[in-house]
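# Coordinates in review
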Amino acid sequence: MTDTTPPQGVTPALKAEILAEALPYIKRFFDRTIVIKYGGNAMTDPHLKDCFARDVVLLKLVGLNPVVVHGGGPQIENLLARVGKKGEFIQGMRVTDAETMEVVEMVLGGQVNKEIVNLINQHGGKAVGLTGKDASFIRAKKLLMQKLDAPEGDVIDVGQVGEITQIDPSLIAFLDQGDFIPVIAPIGVGEDGETYNINADVVAGKLAEILKAEKLVLLTNTPGVLDKAGKLLTGLTPRQIDELVADGTLSGGMLPKIGSALDAARNGVKSVHIIDGRVEHCLLLEILTDHGVGTMIKSK
């Protein structure tokens, strides 16, 4: 016999109150697209993985259109170590030679993507795994990164790392019409069929712009954007973020994330949320309740 006793302190009345609180958010975001960048601890902790998959399915079932873009840094590092290679990063971007690219594609387009798809499907969703090479829907070119504090044109070659040139939204729109949940690995294709590793935050941000998403949600391993004293900044404008980058408060791996968030906020995405993926059901808390779990960046 299944135990239906609610957790201590969670009465049926409280459950009903929580569900009622979600109603205005469900109405407001009905049939709107939510792009979710999935990464960090939420991708490695078994319980958090399960929570994430359930959250995505619930969002779909109540009428939102979630689109998942995932990373896979720890999994890539594990496989690189097994083949005797050490990962290298410059300004938050992974240096990707040809051998590393093979590993990246194997992990992102195979192992990680299929695991997320399977988890969502186990919870009653209809997830479909994609990379940007499918129908060539993410076109890219080689990224040449500008050196920090260097003259214009002084660039760094980080290998097969891509910069998005075009995203064709028709494949995602087609899947959405069939009530499928797209799960996208951040791999793009060049004009001559070259494969490019693209930062997952960048793909999520650009996809949110192209799809005219209501929200872009970025899962992290921090409570959100923190000031120099480590205090959570719950609401920010693009101007305030520029100041945090200029004074060095934001640096390293947070730079691509913040850059994508800013671009999305400035290009039509109504709000961007950088949230703590270590919190159970963080997606539902951020999207369907009054109690957020991170930093929200408004477009204005």
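Every chain is numbered independently, its residues counted from 1 as its sequence is written. The predicted nature of this model means local features are confined to residues of pLDDT at least 70 and side-chain atom pairs, given and counted, to a pLDDT of 80 or more, with totals for whole chains, interfaces and linings taken over all residues. With hydrogens and water set aside, each side-chain value is computed from the structure's full complement of heavy atoms.

## Quick word on the pattern of salt bridges
Whenever Lys or Arg places a side-chain nitrogen within 4 Å of a carboxyl oxygen from Asp or Glu, that contact is recorded as a salt bridge. Within this structure, the stated rule accounts for 13 salt bridges. Note that Arg 32 and Glu 214 form a salt bridge whose closest N and O atoms lie 2.7 Å from each other. Of this pair, Arg 32 sits in the loop between helix 1 (12–29) and strand 1 (33–38) while Glu 214 sits in the loop between helix 6 (200–210) and strand 11 (215–220), and the two are 182 residues apart along the sequence. Residue burial is assigned from relative accessible area. The probe radius is 1.4 Å, only protein chains are included, and a residue is buried under 20% of its type maximum, exposed over 50%, and partly exposed in between. Taking relative accessible area as the criterion, Arg 32 reaches 34% and is therefore assigned partly exposed. Under the DSSP-based scheme used, a helix requires at least four consecutive residues in state H or I and a strand at least two consecutive residues in state E, with every element numbered from the N terminus.

## Some words on the nonpolar core
Formed by 43 residues in total, the largest nonpolar core has its most connected members in Ile 120, Leu 219, Leu 283 and Ile 287. Elements with a minimum of two residues in this core: helix 1, strand 1, helix 2 (46–61), helix 3 (73–82), helix 4 (98–122), strand 8 (181–185), strand 11 and helix 9 (282–288). Among the elements that make up this core, the one with the highest residue count is helix 4 (ten residues). Any two residues whose heavy atoms approach within 4.5 Å are treated as being in contact. Look past the residues within four positions of Ile 120 in its chain and what remains in contact with it is Ala 53, Val 56, Val 57, Gly 125, Ala 127, Ile 181 and Val 183. Ile 167, Leu 211, Val 225 and Leu 233 belong to the second-largest nonpolar core, a separate cluster that totals 39 residues. What makes a nonpolar core is a set of buried Ala, Val, Leu, Ile, Met, Phe, Trp, Tyr and Cys residues whose side-chain atoms join them at distances within 4.5 Å.

## Looking at the UniProt feature "site: Transition state stabilizer" (unreviewed entry) in the protein chain
UniProt positions are given in the numbering used here, feature names are shortened, and annotations may be inferred rather than shown by experiment. Per the UniProt entry, the sites bearing "site: Transition state stabilizer" (unreviewed entry) are Lys 37 and Lys 257 in this numbering. A stretch of 221 residues holds the annotated residues, and the largest C-alpha distance among them is 9.8 Å, short enough that they meet in one place. Its relative accessible area of 7% is what places Lys 37 among the buried residues. In contact with Lys 37, not counting residues within four places along its chain, are Val 69, Gly 71, Ala 200, Asp 201, Ala 204, Val 217, Leu 218, Leu 219 and Lys 257. At 3.1 Å, the side chain of Lys 37 and the side chain of Asp 201 are in polar contact. Looking at where Lys 257 falls in the secondary structure, it is placed in helix 8 (residues 254–266). Overall, Lys 257 belongs to the buried group, its relative accessible area being 9%. If we ignore the near neighbours within four places in the chain, the residues touching Lys 257 are Lys 37, Asp 201, Leu 218, Leu 219, Thr 220 and Ile 274. In protein, a polar contact requires one atom able to donate a hydrogen and another able to accept it; more generally it is a pair of N or O atoms within 3.5 Å, and residues adjacent in sequence count only if both atoms are side-chain atoms.

## Structural notes on the environment of Asp 154
Turning to its location among the elements, Asp 154 is positioned in the loop between strand 6 (138–146) and strand 7 (155–167). For Asp 154, a relative accessible area of 30% gives the class partly exposed. With ten residues separating them in the primary sequence, Asp 154 and Leu 144 have C-alpha atoms 9.3 Å apart. Excluding residues within four positions of it along the chain, Asp 154 makes contact with Met 145, Gln 146 and Lys 147.

## Points about the sheet that holds strand 8
If DSSP finds at least two bridges between two strands, the strands pair. Here we have eight strands laid out as an open sheet, ordered 5-8-2-1-11-13-14-12, and mixed in their pairing. On the outer flanks of this sheet lie strand 5 (127–131) and strand 12 (235–236), each paired with one strand and no other. Alignment of strand 11 against strand 13 (residues 271–276), held across six bridges, turns out to be parallel. Across the sheet, Leu 218 pairs through a bridge with Ile 274, a residue of strand 13. Axis angles are defined between N-to-C directions and span 0 to 180 degrees, where every axis is a line fitted to C-alpha atoms and, for a helix, only to the segment in contact. Here helix 5 (residues 170–177) sits on the sheet and contacts strand 2 (65–70), strand 5 and strand 8; the angle it forms with strand 5, its principal contact strand, is near 170°.

## Here we look at the packing of aromatic side chains
Stacked, edge-to-face and tilted labels apply to pairs of Phe, Tyr and Trp rings (six-membered ring for Trp) whose centres lie within 6.5 Å, assigned for plane angles under 30 degrees, over 60, and everything in between, in that order. Using the criterion set out here, one finds two aromatic pairs in the structure. With centroids separated by 6.5 Å and ring planes inclined at 35°, the aromatic side chains of Tyr 25 and Phe 29 adopt a geometry described as tilted. In this pair, Tyr 25 and Phe 29 both sit in helix 1, four residues apart, roughly one turn of the helix. One exposure class covers both Tyr 25 and Phe 29, and it is buried. Relative to Phe 52, the ring of Tyr 38 has its centre 3.7 Å away and its plane inclined at 0°; by these criteria the two rings are stacked.

## Quick word on the environment of Leu 130
Here Leu 130 lies in strand 5. A C-alpha to C-alpha distance of 40 Å links Leu 130 and Pro 12, two positions 118 residues apart in sequence. Apart from residues lying up to four places away in sequence, Leu 130 is in contact with Asn 113, Phe 137, Leu 171, Ile 172, Leu 175, Pro 182, Val 183, Ile 184 and Ala 185.

## Notes on the environment of Gly 188
Looking at the element boundaries, Gly 188 is found in strand 9 (residues 187–189). Accessibility expressed as a relative area gives 0% for Gly 188, which makes it buried. Expressed as a C-alpha distance, the spacing of Gly 188 and Arg 139, which sit 49 residues apart in the sequence, is 5.5 Å. Setting aside its immediate chain neighbours within four residues, Gly 188 contacts Lys 133, Ile 138, Ala 140, Glu 194, Thr 195, Tyr 196 and Ile 198.

## Description of unusual backbone geometry
Look at Lys 212: it is not a glycine, yet its phi comes out positive at around 50°. By secondary structure assignment, the location of Lys 212 is in the loop between helix 6 and strand 11. A residue is classified by how much of its surface remains accessible, and Lys 212, at 69% relative accessible area, is exposed. In the Ramachandran plot, His 281 falls in the positive-phi region, its phi being about 55° despite a non-glycine side chain.

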